[in-house]
Amino acid sequence: MAVETVKEFRAEARFQRVSPQKARLVLDLIKGRGVEEALTTAAFTKKRIAPVIHKLLISAVDNAKYLAGEQGLDLDVDNLYVKQAHEAHPSGSHGTRVPLPAPADAHHFVGG
């Protein structure tokens, strides 16, 4: 029985002038979804931070494509899922990683 590791790709949006609670509202909508569904959800969400998160998702997918090509991996964009690593809080405390169920052959990218 072979254990396959899940590759994570990452993008960050730092120094956004929005409260963590408001950003979390949009992030919770897209967490655990596939890339296409998450992009569509972020594009049509009526929160001020939603366009920033949409741009962040596009950046994370581009990072995944670039790094996968550099490492010689076969990357299927349809198998990418959103995973939220942590959020920076004004008080300095940090959230924790939230593991999400995904297919064994899926790759993850981290945004937020």
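Above this text you will find the structure in question.
These lines cover the structure that appears in this document, whether it is placed above or below. Every value quoted in this text rests on a predicted model; they were computed, and no experiment measured them.

1. Digging into the overall build of the protein chain
Within the protein chain, the regular secondary structure consists of 3 helices and 3 strands. Counting from the amino terminus, helix and strand elements in the protein chain follow one another as β-α-α-α-β-β. Residues classed as buried in the protein chain amount to 30% of the 112 residues present. Sequence separation of at least 24 residues holds for 69% of the intrachain contacts in the protein chain that already meet a minimum separation of 6. With an accessible surface of roughly 7300 Å², the protein chain has 54% of that area assigned to carbon and sulfur atoms.

2. Examining a positive patch on the surface
A cluster of basic residues, Arg17, Lys22, Lys47 and Arg48, forms a positive patch at the surface. Structurally, the position occupied by arginine 48 is in the loop between α2 (35-43) and α3 (50-71).

3. Observations concerning the pattern of salt bridges
A full pass over the atoms with the stated rule returns 3 salt bridges. Among the salt bridges present, the one from arginine 10 reaches glutamate 12, with a minimum N-O distance of 2.8 Å. We classify glutamate 12 as partly exposed; its relative accessible area is 45%.

4. Notes on α3
In a regular helix each residue adds 1.5 Å, so 22 residues correspond to 32 Å; α3 covers 31 Å between its end C-alpha atoms and thus fits that length. Taken together, the buried positions of α3 are Ala50, Ile53, Leu56, Leu57, Ala60, Val61, Ala64 and Ala68. Each buried residue of α3 sits inside an arc of 140° when the element is viewed along its axis, so together they form one side. Structural note: α3 exposes Pro51, Lys55, Tyr66, Gly69 and Glu70 on the side pointing more than 90 degrees away from its buried face. Looking at the residues trailing α3, positive phi occurs at glycine 72, about 75°.

What counts, and where the lines are drawn
Within every chain, residues take consecutive numbers counted from 1 along the sequence as written. Thresholds applied to this predicted model are a pLDDT of at least 70 for local features of residues and 80 or more for the giving and counting of side-chain atom pairs; totals over whole chains, interfaces and linings are not thresholded and use all residues. As a rule here, side-chain values cover all heavy atoms of the structure and leave hydrogens and water aside. A run of H or I in DSSP becomes a helix once it reaches four residues, and a run of E becomes a strand once it reaches two; helices and strands are each numbered from the N terminus. Only protein chains enter the accessibility calculation, which uses a 1.4 Å probe. A residue is then buried if its area is under 20% of the maximum for its type, exposed if over 50%, and partly exposed in between. The contact definition used throughout considers only heavy atoms, calling two residues in contact when any of these lie within 4.5 Å. Per-residue and other accessible areas were derived by the Shrake-Rupley procedure at a 1.4 Å probe size, with only the shown protein chains allowed to occlude residues. Each patch is built from residues lacking any salt bridge and having more than 30% relative accessible area; the joining distance is 9 Å for like charges and 5 Å for nonpolar side chains (Val, Leu, Ile, Met, Phe, Trp, Tyr). Salt bridges are defined as contacts in which a side-chain nitrogen from Lys or Arg sits within 4 Å of a carboxyl oxygen from Asp or Glu. In this tally, Lys and Arg are treated as positive and Asp and Glu as negative; His is ignored, and so are the chain termini. The location of each charge is read from NZ of Lys, CZ of Arg, CG of Asp or CD of Glu. The span you would expect from a helix comes to 1.5 Å times its residue count less one. This arc is built from the directions going out from the helix axis to the C-beta atoms.

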